[in-house]
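What follows is each chain in one-letter form.
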Amino acid sequence: MSLSKLNKRKLLLGSTLVSFSVAAAFPMYAQDNTEEEEAVEEVVVTGIRTSIRNSLEAKKGESSIIEAISAEDIGKLPDISIAESIARLPGLAAQRTRGRAQVISVRGLGPDFTTGLLNGREQVTTGDNRGIEFDQYPAELISQGIIYKSPDASLIGQAIGGTVDLRTIRPLEYGKQAINLNGRYEWNSQGDLNAGSNEDGFRFTASYIDQFANDTFGIALGVASQSSPTQAERWDAWGYPDIDGDLIIGGAKPYVESRDLERDAFFGTVEYAPNDQLTVTGDVFYTDYKDGGILRGIELPLYWSGAQLQPGYTVENGLVTSGQFNGVKGVVRNDKRARDANLTSLALNTEYKVNDDWTLTADISSSKAERDDIDLETYSGTGAGGNGATDNLGFSIGEGGGFVFDSSLNYADPNTIVLTDPGGWGQVGFLKEPSTDDELTAIRLDSEHFVGGDVIESIEYGINHTSREKDKISIENFVDLANPGADNTTAIPSNLLLGSTALDFLGIPGMVSYDPEAVLASGAYSLRSLENFDVLTKGWNVTEDVTNYYLQFNLGMMWGDTPVNGNIGVQYVEAEQESTGPSFENGVVTSFTDGDDYNDFLPSMNLNFEFTENDYVRLAMSKTMVRPRMDEMRAGRGLGNNSQICALVNGVPTLGDISHNPEEGQSCIGAGGGNPRLQPYEANSYDVSYEKYFTDEASNIAIAWFYKDILSWISGGTTLIDVSEEVTEIFGADFLADNPNLAVGTLSAPINTQGGHITGVELSTNLSGGLFSPALENFGLYFSYTYNDSEITPEAGLPPTDIPGFSREIKNASIYYENDNFQARLSSRDRSDFLGEVVGFGANRDFRDVNGENVIDAQLGYTFTQGRFQGSSILLQAYNLTDEEFRTFLNDDPRQVKDWQRYGTSYILGFNYKF
């Protein structure tokens, strides 16, 4: 065999990047035959089928079990975002944020269990943890995405869920000059919900690819600029207390939200290959991301705040669905939320072929992310505290489980509504400014030796060292009135009023509107710093140094008459971690540093049986791990005294009525916070898949089964710590000597626990209509179905715990029509209920039950195949056609709707022009 299976695999991946982006037209061109040269046929195709074909070629040619997405043309992934394209693949699902797919779950495991790579290199994140927020990466600048469901030893960035590798164009592989311009106009069906907000936006992309010096030097450059509006109607419940055995709404915070996502991005790749031995590649990727806007609504303290529920209310199935509250003191909210983030990724790769059998590679990379958030709340109402008019508020359950109201007050009258503290909360607003910095540098050295044996075709080995440091701080302030009147109110500056914002979905015609940042800048407010324990421990620093050594044998052999290829190998991981954060002890703030180190062996095996040219059976086994969430590794903690166990009574140390029993979580001195000594999640994974490919290169059927034996999990728990110094400091050495057991305290923090299992079955198919009848050759169908099951029991005898991102069922479907000029596609993404991560009170991250959802999208396109605009195209896309809501609920009860959001349908009208 003159060309090894390994070489074929690499060539297939390279050709995939090339073929997706050849000139954008469908005709076939051929040179005439001559006696001295063979006929050369250049097939010039783009479109839906090309994207499917190239994705299947990548899947078929890989040794691991993967899924893939490929662009239809330069700057043209088949969806509005990378996350939405990835979420259509078997076993994958997305969680929406403000209507956009943002983070991904792989095989029932959320973003914390997935590693994100860019061109094979691990990347930092703009979030608080490790999960990649995919809206940082413009879809127009990405050519392909590979999702590794089973790893091999050479894959740096293995994870329990999967590894997502985003790839950009390689200009020398592309092989020709191309200039591409892409423009989009977009708008939302809900219009501009807030006074002063934008209802439309734009996207613009330009890319240039070329080769010089006899194809020894190549460049690929791309820029993308975007301004996208988001409009949402949102209902947020305080909770559902019990009243005489029935549930009733405790309070509500409904509002309309209008935001603009502004993102400018750039990528550049330079390749230099002066001969067949040396190739040098440099990559640059940069995004500047701003997402900000206004939230306006009326917070309604109801049952939990003393409003009087009137007799005659209606109860249905244990829930009060309609009635009236009197004496409601509404808090009119004009809030500002904004995020300013940027991400920079730099890399340099040098590959040197010593000879035909030996290749050396060195890769150096660096990525950095900075993020600054602003969350400004401002309150207004009829008067401070118990002063001012109150509302008699009728209520009834509405769409999505939220309530609509019948109000007796005019919240849109600036003569009635003034800047004040209507709820008696001790401030007229609140300002939170969290920020994170994340830096990662890596160096990788690899060698591959082709041995050409009957079983082992080549041997790969190498080392990858990664250093990462992530910091988070949070600055928080109360907002007060700078010059309040005698009644603790201030009129809203008339020059900053913006008219009325309608709250029709809430049943309230309108509310007073103003720009909260402008009012803050006007001097109407003053800030009062908040530095309590809860705020201080939001800040932390985590550093990691991880070294991966790997050895991999790439296989190529015969099993009877069946070719078998794949690999077997092992990674050895050495890791050191440390965290520094504030420690709050008895009213004194100090700095606390702690950490740990660990090592692990991660063996892996992938075997591919090619029973026919188009029938593959794949077997994979591996041990994988993923490092803990960084906020769980934080060192920040608070130390306190349980006065029911021990206390100073009139200055005398005294034992209380409750016994000191730290093994049961009862201790004189206890601490709470993160755990810098956390070890990784670990799992043994087993995969089997069968893949059938058809002669039509855009068709296949696949079925896969996986089982993950979770060896180590992380859950909240209590551990024992030495608190002898603290007991001595508070109560004295004599008291400790008389009660030596008090030297043992408790730490409430995440701990490593036992695990469980996750298993699932994935079915998928791409079918071209031409397989059934020539009359259907322009039609195609894609469908996938995934069923997951799990049982994670961190502690024996306790009920199983929920897994973030886990949906029991995931269904994806697309039907399309495509000819030389015209294409149309209708797609659906469906997932069952899952545990999602959202922004909760105080800007903390909360896990919350999310209702299953079905999101339907559509696309129409026309490509010019001749004339002046040959190769150009126009398109119309619609996302969330059925206006699917995002809903979370409490206490495993879908009736207790916590957060209900309606985003409307987004439309995009665009063009693509290629020179």
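About the thresholds
- Residues numbered from 1 in each chain as written.
- Predicted model: local features only at pLDDT ≥ 70, side-chain atom pairs only at ≥ 80, totals over all residues.
- Heavy atoms only, no water.
- Helix = DSSP H or I, 4+ residues; strand = E, 2+ residues; numbered from the N terminus.
- Rg over C-alpha atoms; globule rule 2.2 N^0.38 Å.
- Buried < 20%, exposed > 50% of the residue type's maximum accessible area, 1.4 Å probe, protein only.
- Areas by Shrake-Rupley, 256 points an atom, 1.4 Å probe, with all protein chains shown as cover.
- Lys, Arg positive; Asp, Glu negative; His and termini not counted.
- Charge placed at Lys NZ, Arg CZ, Asp CG, Glu CD.
- Pairing = 2+ DSSP bridges.
- Contact = heavy atoms within 4.5 Å.
- Axes fitted to C-alpha atoms, helices over the stretch in contact; angles between N-to-C directions.
- Patch = residues over 30% accessible without salt bridge, like charges linked within 9 Å, V, L, I, M, F, W, Y side chains within 5 Å.
- Salt bridge = Lys/Arg side-chain N within 4 Å of Asp/Glu carboxyl O.
- Polar contact = N/O pair within 3.5 Å; in protein donor to acceptor, adjacent residues only side chain to side chain.
- Core = buried A, V, L, I, M, F, W, Y, C linked by side-chain atoms within 4.5 Å.

Visitor: Mind laying out the overall build of the chain, listing which residues take part and the relevant values?
Guide: For the chain, the helix and strand inventory stands at eight helices and 52 strands. Taking 29 Å as the expected radius of gyration for a compact globule of 915 residues, we find that the chain reaches 30 Å, a close match to that expectation. Viewed in the frame of its principal axes, the chain has a C-alpha envelope of about 105 × 70 × 50 Å. Of all 915 residues assigned to the chain, the portion counted as buried reaches 58%. As displayed, the chain has an accessible area near 36000 Å², and 53% of this comes from carbon and sulfur atoms. Looking at charge distribution, the chain has the averaged site of its 65 positive side-chain charges lying 3 Å from that of its 133 negative ones.

Visitor: Describe in detail the sheet that holds strand S3 (residues 66–70), supporting the description with residues and values.
Guide: Read across the open sheet, the five strands follow the order S3-S8-S9-S6-S7; overall the sheet is mixed. Each edge of the sheet is formed by a strand with only one pairing partner; in this case those strands are S3 and strand S7 (121–122). Pairing analysis gives five bridges linking strand S6 (residues 114–118) to strand S9 (residues 162–167), with the strands arranged parallel. Note that in S9 the partner of Thr115 across the bridge is Thr163. Against the sheet, helix H2 (residues 48–61) engages S3 and strand S8 (144–148), with an angle of about 150° to S3.

Visitor: Describe a negative patch on the surface, with residues and values.
Guide: Taken together, Asp372, Asp437, Glu439 and Glu469 make up a surface patch of like negative charges. With respect to the element layout, Glu469 can be found in strand S27 (residues 456–481).

Visitor: How would you sum up the environment of Val124? Please name residues and give values.
Guide: Its location among the elements puts Val124 in the loop between S7 and S8. Distance in space between the C-alpha atoms of Val124 and Glu370 is 9.7 Å, their sequence separation being 246 residues. Aside from chain neighbours lying at most four places away, what touches Val124 is Ile132, Tyr137, Leu343, Ser367, Lys368, Ala369, Asp438, Glu439, Leu440 and Arg468.

Visitor: Residues and numbers for the side chain of Asp373, please.
Guide: Looking at the secondary structure, you find Asp373 in strand S22 (residues 358–381). A relative accessible area of 12% places Asp373 in the buried class. A distance of 3.3 Å separates polar atoms of two side chains, one belonging to Asp373 and the other to Arg371.

Visitor: Let's hear about the pairing of strand S20 (residues 319–328): which residues, and what values?
Guide: Where strand S18 (residues 308–309) and S20 come together, two bridges link them in antiparallel fashion. Bridge pairing links Gln308 to Asn326 in S20. Both strand S19 (residues 314–316) and S20 contribute to a ladder of three bridges, which runs antiparallel. Residue Thr314 lies in a different strand from S20, and its bridge partner there is Ser322. Joining the antiparallel neighbours S19 and S20 is a turn of two residues, in which Asn317 adopts a positive phi near 50°. Taken together, the five bridges between S20 and strand S23 (residues 391–397) define a ladder with antiparallel strand orientation.

Visitor: Describe unusual backbone geometry, with residues and values.
Guide: The phi torsion of most residues other than glycine is negative, and most of the peptide bonds are trans. Despite not being glycine, Asn119 has its phi angle at roughly 55°, a positive value. When you line up the elements, Asn119 lands in the loop between S6 and S7. If you check the backbone angles, Asn880 has positive phi at about 65° while not being a glycine. Here Asn880 shows up in the loop between strand S49 (873–879) and strand S50 (886–890).

Visitor: Outline the nonpolar core, listing residues and values.
Guide: Within the largest apolar cluster, 46 residues are counted, with the highest numbers of intra-cluster contacts made by Trp235, Tyr240, Ile249, Phe325 and Phe405. Contact partners of Trp235, with chain neighbours within four places excluded, come to Tyr240, Ile249, Ala252, Pro254, Gly402, Phe403, Phe405, Leu506, Val897, Lys898, Asp899 and Trp900. Ile69, Ile104, Ile132 and Ile142 belong to the second largest nonpolar core, which has 31 residues in total.

Geometric values such as these leave the question of function open.
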